[in-house]
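# Examining the three-dimensional arrangement
What follows is the residue order along each chain.
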Amino acid sequence: MGIALSVLTQYDIEEVQEHCNHLFTQQEIVSLYKRFCQLDRNSKGFISSDEFLSVPEFAMHPLSQRLLKMTDGLNFKDFVAFLSAFSAKATVQQKIEIIFKVYDSDCNGKVTFKDLTEVLQDLSGAFISDQQREEVLSQLLQEAGYTKESSLMLDDFVKILDHPGLKMEVEIPVD
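Per an unreviewed UniProt entry, the recorded name for the protein is Calcineurin subunit B-like isoform X1, and the organism is Salvia divinorum.

Spelled out as structure tokens, the structure:
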């Protein structure tokens, strides 16, 4: 996609819309482009980890280091595709896929007990002990029909998380 950093054409907007499955309106894409350009301080055409960390809400997030692995070096098109999982219009499946990627830090397509423990450590910090974390996760896995030795695949995450009563309201305002 040949987006010049100062101009976003109608063709570019439509191409980005297609790339993110039309989860953003054309106006939202224009707003995201403005934000992308603000973050891309050196006008390189992509956003580095340091530039992402300049967003206070992102830098302070307990999972920011895991998210950085997913966002470092994104061009505008991929930036919008990444953010589309946080759109109010994203499906539960799309939200689960991004959650799975956060947990699968080594990108091997599997989430192990160790991965789960590390994420819970990132989220809870010193508020609960390692032993309490392991007990909570063991119980959770057991209730879902898995063990500590299980490696969870994306399908397993979908099976565990795709329930009507479960709310996934992780959204990023676009305007």
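A word on the packing of aromatic side chains. With the rule as written, the count across this model stands at nine aromatic pairs. Seen from the ring of Phe 46, Lys 44 lies directly overhead, with NZ or CZ sitting 5.1 Å from the centre.

Next up on the list: the pattern of salt bridges. In this structure the tally under the stated criterion is nine salt bridges. Where Lys 44 meets Asp 40, a salt bridge forms, and the shortest distance between an N and an O atom there is 3.5 Å. You can call Lys 44 partly exposed: its relative accessible area is 34%. Given a relative accessible area of 2%, Asp 40 falls into the buried group. Sharing partners across several salt bridges, the network here consists of Arg 66, Lys 114, Glu 118 and Asp 122.

This brings us to the UniProt feature "domain: EF-hand" (unreviewed entry) in the protein. Using the residue numbers shown here, the UniProt feature "domain: EF-hand" (unreviewed entry) corresponds to residues 27–62 and 91–126. Helix makes up 67% of residues 91–126 and strand 0%. Its end C-alpha atoms lie 33 Å apart.

Okay, the side chain of Thr 117 next. Looking at the element boundaries, Thr 117 is found in helix H8 (residues 113–124). The buried category is assigned to Thr 117, whose relative accessible area is 18%. The residues contacting Thr 117, other than those within four sequence positions of it, are Arg 133 and Leu 137.

This part is about the nonpolar core. Of all hydrophobic cores here, the largest spans 41 residues; its most connected members are Phe 76, Phe 79, Val 80 and Phe 82. Secondary-structure elements contributing two or more residues to this core are helix H1 (10–19), helix H2 (26–39), helix H5 (64–71), helix H6 (76–84), helix H7 (92–103), H8, helix H9 (130–143) and helix H10 (154–161). Those residues in contact with Val 80, other than ones at most four positions away along the chain, are Val 16, Cys 20, Phe 24 and Leu 32.

Calculation criteria
Residues numbered from 1 in each chain as written. Predicted model: local features only at pLDDT ≥ 70, side-chain atom pairs only at ≥ 80, totals over all residues. Heavy atoms only, no water. Phe/Tyr/Trp six-rings, centres within 6.5 Å; stacked < 30°, edge-to-face > 60°. Lys NZ or Arg CZ within 6 Å of the ring centre and 35° of its normal. Salt bridge = Lys/Arg side-chain N within 4 Å of Asp/Glu carboxyl O. Buried < 20%, exposed > 50% of the residue type's maximum accessible area, 1.4 Å probe, protein only. UniProt positions renumbered as here; feature names shortened; annotations may be inferred. Helix = DSSP H or I, 4+ residues; strand = E, 2+ residues; numbered from the N terminus. Contact = heavy atoms within 4.5 Å. Core = buried A, V, L, I, M, F, W, Y, C linked by side-chain atoms within 4.5 Å.

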